[in-house]
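Structure assessment
Now for the letters of each chain:
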Amino acid sequence: MKRYIYCFFSIVCFCNSFAYDLYVDGVYYNLEIGDNMTLEVTYGDQEYTGNIIIPENVEYNGKLLKVTKIGPSAFARSSVTTITIPKSVISIESGAFSSCTMLSSVSLTEGLGSIYQNAFKNCGDLNEITIPSSVTHIYKDAFNNSGLKRLILVDGDKDLSLGNPTSGGHGSSPFQRVGIEYLYLGRNIDYFNGNMGPFDYSNINEAVIGDKVKKIPNYCFQGLYITKLTIPSSVEIIGNASLNCSTLQEVIIKDSEQALFTYCSMPFLKKLYIGRNLIYDSQYSFISIGGEQLEDLILGESFTNFNKIVFIADLKTVFSLNENPPTILYASRVFSSKTYLYGKLYVPEGCLNIYQEADGWKNFFNIFETSGIDYIKNDKRNTNVRYNLMGQPIGNDYKGIIIEDGVKKIIR
């Protein structure tokens, strides 16, 4: 009797392993019963191949059924090469595209909310993906062992939780140990996992931070291969060790009237532009910015106070673009003795006497007035190019103080 029951159970399980409710235009679906009857994409008798376009709605017996999910393992181990997912889909479930080794293009649209564990695991041909701003959760290992090289997190106001989103972003990140080389970070990331960052063990060598980002999480760029990074004026907090990247040689902190809280020393820089005040939230401690390799420091017009920021490096040049000398409360701490002795301080035209009398600044042995644009005036190769105050070419959409044909202008 036990033998017959076991055999019957085995047959039922085998049949259900390929169960589906609908098959329409090459796609298998299961019907989800509720107040609104919806469809979940699933697998069926035939393997998916080639280019697949998931419809937003499926008509069946005169009723329009909305497609809202890509089900667990729906396309797993199939020969699909491209997939287009409509705005009606709110989640991509666990293992949905796992081991789709020929999948090279995935089109996601606004409306998608969650990408679950192992969703794109082992997709070796998937080199680039754009995550819409509507996505709020990406679970751990979602892109584990994929071929991802370019990751674009679209600008958005909603925070993106990575790892285990139920705990506000905790555990293994979906982007750890993925060979990403280019990152566009368009919004805030919620992530916490001890002293690990969301992109640890990736190959990121270029990162762009969008104007919607307000905080850079702890350890965000540590151990990566970035050489230059611009912090937009929207950023309010730089998390602990987030810029501890041994290859990072230049950081530009854009101008703003709003102070920037920083918990990161940026220890490997050679050049630093600070366009606003920095605050280290500690009652007693100081924070050293730039490490011992820092050579050139440029302070923007909105930088007015050093607070508890110090520079341990022996700086070669310091540019202060503020006509009023920024406040130095701890002259013996802010700059090294060799910076005062041998470093060159450049101040705006007409401000030499003010700096020579200001506390902390008067300690410099070498103070010079400069317009900050002499080297640009002498460059005749690009007479139509506009520059920022650091001498870098800028586009036509740039706002703020610019240099055009050797003249400072304000573009609002």
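Figured I'd write up the structure that's included with this text. The model shown is predicted, which means the values in this text are computed figures rather than measured ones.

Here we look at the overall build of the protein
The number of helices and strands found in the protein is 5 helices and 34 strands. Residues counted as buried form 48% of the 412 residues belonging to the protein. Taking as baseline every contact in the protein between residues at least 6 positions apart, the subset at least 24 positions apart corresponds to 41%. Split by element, the accessible area of the protein, about 20200 Å² in all, is 48% carbon and sulfur.

Section: the environment of T227
Within the secondary structure, T227 sits in the loop between β18 (215–216) and β19 (228–231). Judged by relative accessible area, T227 falls into the partly exposed class, the value being 46%. Along the sequence, T227 and L248 sit 21 residues apart, while their C-alpha atoms lie 4.0 Å from each other. Filtering out sequence-adjacent residues up to four positions away, T227 remains in contact with N205, T247, L248, Q249 and E250.

Some points on the nonpolar core
Counting residues in hydrophobic clusters, the biggest one holds 101 residues, and the most contacted among them are F97, F221, F311 and F335. Once you skip the residues sitting within four places of it in the chain, F335 turns out to touch L297, F306, F311, L315, V318, I328, Y340, W361 and F364.

Looking at the side chain of D190
By the element assignment, D190 lies in strand β16 (residues 189–190). Taking relative accessible area as the criterion, D190 reaches 19% and is therefore assigned buried. Among the polar contacts made by the side chain of D190, one reaches the side chain of K215 at a distance of 3.1 Å.

Some details on the packing of aromatic side chains
The full count for this structure, using the stated rule, is 25 aromatic pairs. Here F303 and F306 contribute two aromatic rings whose centre-to-centre distance is 4.9 Å and whose plane-to-plane angle is 80°, an arrangement assigned as edge-to-face. Assigned by exposure class, F303 and F306 land together as buried. Arranged with centres 4.7 Å apart and planes meeting at 15°, the rings of F319 and Y346 form a pair that is stacked. One end of the pair, F319, is in strand β28 (residues 317–320); the other, Y346, is in strand β29 (residues 344–348), and 27 residues separate them in sequence. We classify F319 as partly exposed; its relative accessible area is 25%. Pairwise contacts between aromatic rings join Y20, Y23, Y28, Y48, F75, F97, F120, F143, F175 and F199 into one cluster. Here the basic side chain of R333 rests over the ring of F286, its NZ or CZ set 4.0 Å away from the ring centre.

So, a nonpolar patch on the surface
Taken together, the side chains of L31, I33 and M37 make up a nonpolar region of the molecular surface, amounting to roughly 290 Å² of accessible area. Looking at the secondary structure, you find I33 in the loop between β2 (27–32) and β3 (38–42).

Examining the pattern of salt bridges
Scanning the entire structure with this criterion turns up 7 salt bridges. For E128, the salt bridge goes to R150, with nearest N and O atoms at 3.6 Å. With E128 in strand β11 (residues 128–131) and R150 in strand β13 (residues 150–153), this residue pair connects regions lying 22 residues apart in the sequence. Judged by relative accessible area, R150 falls into the partly exposed class, the value being 34%.

Overview of the sheet that holds β18
Judged by pairing direction, the sheet is parallel, and its 4 strands sit side by side in the order β18-β20-β22-β24 without closing on themselves. Only two strands of the sheet have a single neighbouring strand rather than two, namely β18 and β24 (278–279). Here β18 pairs with strand β20 (residues 237–238) via 2 bridges, running parallel. Within β20, the residue paired with K215 across the bridge is I237.

Cut-offs and rules
- Residues numbered from 1 in each chain as written.
- Predicted model: local features only at pLDDT ≥ 70, side-chain atom pairs only at ≥ 80, totals over all residues.
- Heavy atoms only, no water.
- Helix = DSSP H or I, 4+ residues; strand = E, 2+ residues; numbered from the N terminus.
- Buried < 20%, exposed > 50% of the residue type's maximum accessible area, 1.4 Å probe, protein only.
- Contact = heavy atoms within 4.5 Å.
- Areas by Shrake-Rupley, 256 points an atom, 1.4 Å probe, with all protein chains shown as cover.
- Core = buried A, V, L, I, M, F, W, Y, C linked by side-chain atoms within 4.5 Å.
- Polar contact = N/O pair within 3.5 Å; in protein donor to acceptor, adjacent residues only side chain to side chain.
- Phe/Tyr/Trp six-rings, centres within 6.5 Å; stacked < 30°, edge-to-face > 60°.
- Lys NZ or Arg CZ within 6 Å of the ring centre and 35° of its normal.
- Patch = residues over 30% accessible without salt bridge, like charges linked within 9 Å, V, L, I, M, F, W, Y side chains within 5 Å.
- Salt bridge = Lys/Arg side-chain N within 4 Å of Asp/Glu carboxyl O.
- Pairing = 2+ DSSP bridges.

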